[in-house]
Amino acid sequence: MPAPSPSAPRGYQIGEAARQSGVSPANIRFYEKESLLSPQGRGDNSYRLYSEGDVHQLRFIRLCRAMDMSLAEVRTLLGLDLNNKTDCAAARDALDGHLGHVRARLAELKALEKDLKALRSRCDGTDAHCHIIEALHELADAQASAPQTPAPKKRHV
């Protein structure tokens, strides 16, 4: 096997970068497409190569996404310099904005929990038919006559 050429960039191929970072190859490609990551170059075989810094950045992205941050929030945090005092304020502002989203989502989840508990209380299993399924059918019919609002966008992980 020939030795690698001295001019060839060194780094991880996508599979190894995925294993090292815990991010799937599909998500790595997605993050590249979204300009959250730019691999250092390509090897002699034209495969993308990822540096230790790229792998760290993937771990950073994975952590932020695990905290349910949007791609825009991750992009903002990636663009900040940890040694720049003014960027510290921007990081605090970004986190405060995300906390607002989390609090709103918690309120939505609490309302959902209340609705689910009310639905669950409609049936104890002793009647001839299930009042939960009956209520779900009623709600589905009520939605048909109600004005349609778009469903919230799912976040890409």
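Residues numbered from 1 in each chain as written. Predicted model: local features only at pLDDT ≥ 70, side-chain atom pairs only at ≥ 80, totals over all residues. Heavy atoms only, no water.

1. Focus on the overall build of the protein chain
Phase 1 of the analysis: Of regular secondary structure, the protein chain possesses six helices and two strands.
Phase 2 of the analysis: N-terminal to C-terminal, the α/β element order of the protein chain is α-α-β-β-α-α-α-α.
Phase 3 of the analysis: The buried share among the 157 residues of the protein chain stands at 24%.
Phase 4 of the analysis: Sequence-distant contacts in the protein chain: of pairs separated by 6 or more residues, those separated by 24 or more amount to 50%.
Phase 5 of the analysis: Summing over all exposed atoms, the protein chain offers an accessible surface of approximately 11,500 Å²; the carbon and sulfur share of this is 57%. (Helix = DSSP H or I, 4+ residues; strand = E, 2+ residues; numbered from the N terminus. Buried < 20%, exposed > 50% of the residue type's maximum accessible area, 1.4 Å probe, protein only. Contact = heavy atoms within 4.5 Å. Areas by Shrake-Rupley, 256 points an atom, 1.4 Å probe, with all protein chains shown as cover.)

2. Overview of the nonpolar core
Phase 1 of the analysis: Among the nonpolar cores identified, the biggest contains 20 residues, and Ala-17, Ile-28, Tyr-31, Leu-36, Tyr-50, Leu-58 and Val-74 are the most heavily contacted of them.
Phase 2 of the analysis: Mapped by element, the contributors of at least two residues to this core are helix H1 (14-21), helix H2 (25-33), helix H3 (52-66) and helix H4 (71-78).
Phase 3 of the analysis: Here this core gets four residues from one element, more than from any other, and that element is H3.
Phase 4 of the analysis: Ignoring sequence-local partners within four residues, the contact set of Ala-17 consists of Tyr-12, Ile-28, Tyr-50 and Val-55. (Core = buried A, V, L, I, M, F, W, Y, C linked by side-chain atoms within 4.5 Å.)

3. Regarding unusual backbone geometry
Phase 1 of the analysis: A positive phi angle is found at Ser-35, which is not glycine, with a value near 60°.
Phase 2 of the analysis: Within the secondary structure layout, Ser-35 lies in the loop between H2 and strand E1 (41-42).
Phase 3 of the analysis: In this structure, Asp-68 is a non-glycine residue whose phi angle is positive, near 65°.
Phase 4 of the analysis: Within the secondary structure, Asp-68 is located in the loop between H3 and H4.
Phase 5 of the analysis: Relative accessible area serves as the criterion here: at 40%, Asp-68 is assigned to the partly exposed category.

4. Some remarks on the packing of H1 against H3
Phase 1 of the analysis: At their nearest, the axes of H1 and H3 sit 9 Å apart, and the two run at 50° to each other. On the basis of their axis angle, the class for H1 and H3 is oblique. At the point where H1 passes H3, the crossing takes the right-handed sense. On H3, the residues that touch Ala-17, Gln-20 and Ser-21 of H1 are Val-55, Leu-58, Arg-59 and Arg-62.
Phase 2 of the analysis: Residue composition of the contact of H1 with H3, grouped by class: three nonpolar, two polar and two charged. (Axes fitted to C-alpha atoms, helices over the stretch in contact; angles between N-to-C directions. Parallel < 35°, antiparallel > 145°, perpendicular 65-115°, else oblique. Left-handed = near helix turned anticlockwise from the far one by under 90°. Nonpolar A, V, L, I, M, F, W, Y, C, P; charged D, E, K, R; others polar.)

5. A few points about the side chain of Arg-65
Phase 1 of the analysis: Among the secondary structure elements, Arg-65 is positioned in helix H3.
Phase 2 of the analysis: This buried residue, Arg-65, is left without a salt bridge; Asp-68 holds the nearest opposite charge, at 6.0 Å.
Phase 3 of the analysis: Looking at Arg-65, its side chain comes within polar contact range of the main-chain oxygen of Met-69, at 2.5 Å. (Lys, Arg positive; Asp, Glu negative; His and termini not counted. Salt bridge = Lys/Arg side-chain N within 4 Å of Asp/Glu carboxyl O. Polar contact = N/O pair within 3.5 Å; in protein donor to acceptor, adjacent residues only side chain to side chain.)

6. A look at the environment of Asp-127
Phase 1 of the analysis: In this structure, Asp-127 sits in the loop between helix H5 (85-120) and helix H6 (131-145).
Phase 2 of the analysis: In this structure the side chain of Asp-127 is engaged in a polar contact, spanning 2.5 Å, whose partner is the side chain of His-131.

7. Observations regarding a nonpolar patch on the surface
Phase 1 of the analysis: On the surface, a nonpolar cluster with roughly 400 Å² of combined accessible area is contributed by Val-102, Leu-106, Leu-109, Leu-112 and Leu-116.
Phase 2 of the analysis: With respect to the helices, strands and loops of the structure, Leu-106 is situated in helix H5. (Patch = residues over 30% accessible without salt bridge, like charges linked within 9 Å, V, L, I, M, F, W, Y side chains within 5 Å.)

Nothing here speaks to function; it is all geometry.
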